[in-house]
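Chain by chain, the residues run as shown.
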Amino acid sequence: MTTTETSGSGDIRRSLELLWGTGERPSRGPRPGLTLDRIVTTAVEIADAEGLAAVSMRRLSTELGTGTMSLYRYVPGKGELLDLMLDRITGELLGSRRPAPEDADWRDAVREMAGAHLALHRAHPWLLKVNQSRTVLGPGAVRGLELSLTALHGMGLRDPELISVIIAVQSFVSGIARMEMEAAEAAKQTGQSDAEFWRSQEPFLERAMATGDYPRLANLSEDAFGPDFDHFAFGLDRLIDGFEKLVRERAAKAP
């Protein structure tokens, strides 16, 4: 899968001014009812429905019923618009999360974080098409990081380790979300369901297994690749098991 857009690829100063509300407002005849909030909302709606490639300043002007040049009075270009879109959906993610109480269990926080990020990817599949190695830190992103660090504080780990916990969880979730998205895309592009695709290979696999060259594969149970196994829950629990081992080790060494 190719990356089609990169966050932070526009004028980072202008993106930050727009995100934090410190930039100048349009002063030359803005169209009544046209606002930066409405522009970003419409851009996210287009991306959700048709993919990120469908978002352009010309397409936005058509959807909003205004001239393309009117949009440039609010946002310099698509690079900055992408930064605003990312921070917008991150803000949506925060809507399902509340600050953790002092006695909160960090394990619950990890599960909530993972579940919220999976829901975010499912709601906005185009997110996986964005290179976020240079995320512009707007209010949504900063608030999200603050909530995560607060919820994980009880682990008693060093700051770089807490950041690594967040990275590990988000990377795991992105992998699961990518697997789901690519399966859906393959079915849509080919018109063939996953079940039909794998069923078409059965005669060839049966002959291969009969040779005795693949004993481990031949002895797998029928449900080994079945759709009923929850790989998300299984993998997340194993991540938490690993974190818990480290937390216990640190607690045992604490004075």
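To be clear, the structure that these remarks concern was listed above.
A brief look at the structure comes next.

Parameters at a glance
All residue numbers refer to position in the chain's written sequence, counted from 1. Given that this is a predicted model, residues contribute local features only at a pLDDT of at least 70 and side-chain atom pairs are listed and counted only at 80 or more, while totals for whole chains, interfaces and linings are drawn from all residues. Here the side-chain values reflect all heavy atoms present in the structure, with hydrogen atoms and water set aside. Here a cavity means grid points, on a 1 Å grid over the protein atoms only, where a 1.4 Å probe fits yet cannot get out; a pocket means an open set of points with protein on both sides within 12 Å along at least five of seven lines; lining residues are those with an atom within 4 Å of a point. Grid points are joined across faces, edges and corners, and a volume is the space filled by probe spheres set on the points. Every helix listed is a DSSP run of H or I at least four residues long, and every strand listed is a run of E at least two residues long, numbered separately from the N terminus. Three classes are used: nonpolar for Ala, Val, Leu, Ile, Met, Phe, Trp, Tyr, Cys and Pro, charged for Asp, Glu, Lys and Arg, and polar for all others, with Gly counted as polar. Residue count minus one, scaled by 1.5 Å, sets the expected span of a helix. Only protein chains enter the calculation, and the probe is 1.4 Å; a residue is then buried if its accessible area is under 20% of its type maximum, exposed if over 50%, and partly exposed in between. We call two residues in contact whenever any of their non-hydrogen atoms come within 4.5 Å of each other. The rule is short: rings of Phe, Tyr and Trp, with Trp giving its six-membered ring, pair when the centres are within 6.5 Å, and they are stacked under 30 degrees, edge-to-face over 60, tilted in between. Lysine and arginine charges are scored as sitting over a ring when NZ or CZ, respectively, is within 6 Å of the ring centre and within 35 degrees of the ring normal. The axes are straight lines fitted to the C-alpha atoms, using for helices just the contacting stretch, and the angles between their N-to-C directions are given from 0 to 180°. Note on angle classes: values under 35 degrees are labelled roughly parallel, values over 145 roughly antiparallel, values of 65 to 115 roughly perpendicular, and the remainder oblique. Crossings are assigned a handedness: left-handed for a near helix turned anticlockwise from the far helix by less than a right angle, right-handed for a clockwise turn. The criterion is simple. A nonpolar core is a set of buried Ala, Val, Leu, Ile, Met, Phe, Trp, Tyr and Cys residues joined through side-chain atoms within 4.5 Å.

One number sums up the size of the largest pocket: a volume of about 1,400 Å³. Along the walls of the largest pocket sit 32 residues, with D194, W198, A224, F225 and G226 positioned nearest its centre. Mapped onto the lining of the largest pocket, the elements with two or more residues apiece are α8 (159-190), α9 (194-199), α10 (202-210), α11 (215-218) and α12 (231-253). Take the lining of the largest pocket: its biggest share by element is seven residues, from α8. Broken down by class, the residue content of the lining of the largest pocket amounts to 18 nonpolar, six polar and eight charged. T90, H117, Q132, T135 and Q170 are, among the 31 residues lining the second largest pocket, the residues nearest its centre.

Turning our attention to helix α6 (residues 106-123). Here α6 is 18 residues long and its end C-alpha atoms lie 26 Å apart, about the 26 Å a rise of 1.5 Å per residue gives. The set of residues buried in α6 consists of W106, A109, V110, M113, A114, A116, H117, L118, L120 and H121. For α6, the elements touching its buried residues are α5 (78-94), α7 (139-152), α8 and α12.

All right, on to the packing of aromatic side chains then. Here the structure, examined in full by the defined rule, presents three aromatic pairs. Measuring from ring centre to ring centre gives 4.9 Å for F197 and W198, while their planes differ by 75 degrees; the resulting arrangement is edge-to-face. Residue F197 is classed as partly exposed on the basis of its relative accessible area, which comes to 37%. Just above the ring of F204 sits the side chain of R207; from NZ or CZ to the centre is 5.0 Å. Cation over ring: R238 sits above F234, and NZ or CZ is 5.0 Å from the ring centre.

Moving on to the packing of α7 against α8. Remark: α7 packs on α8, axes separated minimally by 10 Å, with the N-to-C direction vectors making an angle of 110 degrees. With respect to α8, the axis of α7 lies roughly perpendicular. Here the hand of the crossing between α7 and α8 comes out right-handed. Across the interface between the two elements, L145, S148, L149 and L152 of α7 pack against L162, I163, V165 and I166 of α8. Tallied by class, the residues present in the contact of α7 with α8 amount to seven nonpolar, one polar and no charged.

Here we take up the environment of L84. Tracing the chain through its elements places L84 in helix α5. Using a relative accessible area of 5% as the deciding quantity, one classes L84 as buried. Taking the C-alpha atoms as reference points, L84 and L16, separated by 68 residues in sequence, lie 9.0 Å from one another. Once residues within four sequence positions are removed from consideration, L84 is found in contact with S15, L18, L19, L36, V40 and V75.

Between its first and last C-alpha, α8 extends 46 Å over 32 residues, near the 46 Å set by a 1.5 Å rise per residue. Taken together, the buried positions of α8 are E161, L162, V165, I166, V169, F172, V173, I176, A177 and M181. Its buried side turned inward, α8 meets α6, α7 and α12. Of the residues one or two after α8, G191 is the one with positive phi, at around 70 degrees.

Attention now goes to the nonpolar core. Counting 32 residues, the largest nonpolar core has I39, L52, V55, L60, L81, M85 and W126 as the members making the most contacts within it. Mapped by element, the contributors of at least two residues to this core are α1 (12-20), α2 (36-50), α3 (57-64), α5 and α6. The residues touching I39, leaving out its near neighbours within four places in the chain, are L34, L60, L64, L71, Y74 and L81. Formed by 25 residues, the second largest nonpolar core is a distinct cluster that contains V110, L157, L162 and I166.

A few words on the packing of α1 against α5. Where α1 meets α5, the axes come as close as 9 Å, and the angle between the chain directions of the two elements is 40 degrees. Considered as vectors, α1 and α5 are oriented oblique to each other. Relative to α5, the crossing made by α1 is right-handed. Of the residues in α5, those touching α1 at R14, S15, L18 and L19 are E80, D83, L84 and D87.

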